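# Inside the fold
Spelled out, the chains give:
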Amino acid sequence: MSSHPALSYQQASARGASPLGQVVSLYDTILRDFVRALAALQAGDVETRVFELNHAILVIAHLQSVLDHERGGEAAKQFEQFYNVTCGMIVDANIRATPQALEELIDLYGGLRQAWFQAEQQLPADQQRAPTTPKSAAAAGTAAVRPANDDAETPQLDWSV
């Protein structure tokens, strides 16, 4: 747990979130990165802009890594394509360094974030919290995204920095 109160709250919230809630949280992180990059662009702070856009790419890579192509079928394929295209857009936005390029990314990810949020809100209340077993994660209706395996020895990366 971090000594920063807001970060501690985000980490605790993410641990108790449903698989859909975790996706929403990652989209929130990407959007914060874009907004910070836009502010850095407007302030002429190249180093911060590059850092924030690179972080957004890192979070998107994580989203790509949890796509379940076997169960997600066409949806997983479409998300893979979306992430590939938008990563290219991020690189282009970093090179062009125009507010419009970043605003376009904010619009794209903001709309998709809203769709994930609405999908989570439509779940029955008992499925809106973290699953206790892999079977309940599958019942949450997230075929395109596979839940993290709590038993696996994987490093805990902080996506919300």
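Preceding this paragraph is the structure being described.
Everything in this summary refers to the structure shown in the same document. This structure is a prediction, so every number in the text was calculated from the model and none was measured. (Residues numbered from 1 in each chain as written. Predicted model: local features only at pLDDT ≥ 70, side-chain atom pairs only at ≥ 80, totals over all residues. Heavy atoms only, no water.)

To continue, consider the side chain of T29. Topologically, T29 is positioned in helix α2 (residues 19–43). There is a polar contact of 3.1 Å between the side chain of T29 and the side chain of R32. (Helix = DSSP H or I, 4+ residues; strand = E, 2+ residues; numbered from the N terminus. Polar contact = N/O pair within 3.5 Å; in protein donor to acceptor, adjacent residues only side chain to side chain.)

On to the packing of α2 against helix α5 (residues 99–121). Closest axis-to-axis distance for the α2/α5 pair is 9 Å, and the angle between their directions is 160°. Between α2 and α5, the angle is such that the two are roughly antiparallel. Both α2 and α5 take part in a crossing whose hand is left-handed. A breakdown of the residues in the contact of α2 with α5 according to their chemical character gives 20 nonpolar, 2 polar and 4 charged. (Axes fitted to C-alpha atoms, helices over the stretch in contact; angles between N-to-C directions. Parallel < 35°, antiparallel > 145°, perpendicular 65-115°, else oblique. Left-handed = near helix turned anticlockwise from the far one by under 90°. Nonpolar A, V, L, I, M, F, W, Y, C, P; charged D, E, K, R; others polar.)

Our next topic: helix α4 (residues 69–96). With 28 residues, α4 should reach 40 Å at 1.5 Å per residue; the first-to-last C-alpha distance of 33 Å falls well below that figure. For α4, the principal kink sits at A75 and spans about 70°. Within α4 the residues assigned to the buried category are G72, A76, F79, Y83, T86, C87, I90, A93 and N94. Those residues of α4 that are buried are in contact with α2, α3 (46–65) and α5. Between the side-chain oxygen of the N-cap and the backbone nitrogen of E70 there are 3.2 Å, and the N-cap of α4 in question is D68. Directly beyond the C-terminal end of α4, a positive phi value near 55° is found at A97. (Expected span 1.5 Å × (residues − 1). Bend = angle between axes of the 7 residues up to and from the residue. Buried < 20%, exposed > 50% of the residue type's maximum accessible area, 1.4 Å probe, protein only. Contact = heavy atoms within 4.5 Å.)

Let us look at the packing of aromatic side chains. Taken as a whole and assessed by the stated rule, the structure comprises 6 aromatic pairs. For the ring pair Y27 and Y109, a centre distance of 5.6 Å and an interplane angle of 40° mean the geometry is tilted. On the criterion of sequence distance, the pair formed by Y27 in helix α2 and Y109 in helix α5 is long-range, its members being 82 residues apart. Owing to a relative accessible area of 0%, Y27 belongs among the buried residues under this scheme. (Phe/Tyr/Trp six-rings, centres within 6.5 Å; stacked < 30°, edge-to-face > 60°.)

Within the largest apolar cluster, 28 residues are counted, with the highest numbers of intra-cluster contacts made by Y27, I30, F34, Y83, L102 and Y109. With 11 residues, α2 is the single largest residue contributor to this core. Not counting residues within four places of it along the chain, the set of residues in contact with F34 comprises L53, A56, I90, L105, I106 and Y109. (Core = buried A, V, L, I, M, F, W, Y, C linked by side-chain atoms within 4.5 Å.)

The next thing to look at is the environment of I60. Position of I60 relative to the elements: it lies in helix α3. It is 9.9 Å that separates the C-alpha atoms of I60 and T29, two residues lying 31 residues apart in sequence.

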